[in-house]
Amino acid sequence: MEAKQWDKVVAVAQSVCEATPQDEGAWIAWAYALRELQRVKEAQTYCSRAEPLHGDTCGVLHYNLACYACLRATPKEAKRRLSLAYKMNDEWKATALDDDDLRALWDDSAAG
């Protein structure tokens, strides 16, 4: 990921998710790499697949799903996801105010 070799990250993370779905980091990496490749719909799909496994404990999962929802012009879903992320870790509020993926929500109180 540091090298920003997103195609390689997608391939490796997908393999890890298939072999060890309990590895939440692999799901996050897979979706994040897809987003960096401008494949936002796919990022949202694969991140959503991790929700039954990690949705109760992984704030970054909901935060990233909020970003993907915002990028796909579904602000209601983005706000819902942000709310879940904030409940898990209030520090996501500060992050959201500086995240270009959430730009459409910046003027909305739900982003901050």
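For the structure, see preceding data.
For the structure given in this document, a descriptive report is provided here. Remember, it's a predicted structure, so these values are computed and weren't measured experimentally. (Residues numbered from 1 in each chain as written. Predicted model: local features only at pLDDT ≥ 70, side-chain atom pairs only at ≥ 80, totals over all residues. Heavy atoms only, no water.)

1. Quick look at the packing of helix 3 (residues 40-54) against helix 4 (residues 59-71)
The interhelical angle for the contact between helix 3 and helix 4, taken along N-to-C directions, is 150 degrees, at an axis separation of 9 Å. One way to sum up the angle between helix 3 and helix 4 is to call them roughly antiparallel. In terms of crossing hand, the pair formed by helix 3 and helix 4 is left-handed. Listed contacts from helix 4 to Val-40, Ala-43, Gln-44, Cys-47, Ser-48, Ala-50 and Glu-51 of helix 3 are Leu-61, His-62, Asn-64, Leu-65, Tyr-68, Ala-69 and Leu-71. Considering only residue class, the contact of helix 3 with helix 4 consists of nine nonpolar, four polar and one charged. (Axes fitted to C-alpha atoms, helices over the stretch in contact; angles between N-to-C directions. Helix = DSSP H or I, 4+ residues; strand = E, 2+ residues; numbered from the N terminus. Parallel < 35°, antiparallel > 145°, perpendicular 65-115°, else oblique. Left-handed = near helix turned anticlockwise from the far one by under 90°. Contact = heavy atoms within 4.5 Å. Nonpolar A, V, L, I, M, F, W, Y, C, P; charged D, E, K, R; others polar.)

2. Quick look at the packing of helix 2 (residues 24-36) against helix 4
Put simply, helix 2 and helix 4 touch, their axes get as near as 11 Å, and they point 20 degrees apart. On the basis of the axis angle, helix 2 is roughly parallel to helix 4. Handedness of the helix 2/helix 4 crossing: left-handed. Along the contact surface, helix 2 presents Ile-28, Ala-31, Tyr-32 and Arg-35, while helix 4 presents Val-60, Leu-61, Asn-64, Tyr-68 and Leu-71. Split into classes, the residues belonging to the contact of helix 2 with helix 4 amount to seven nonpolar, one polar and one charged.

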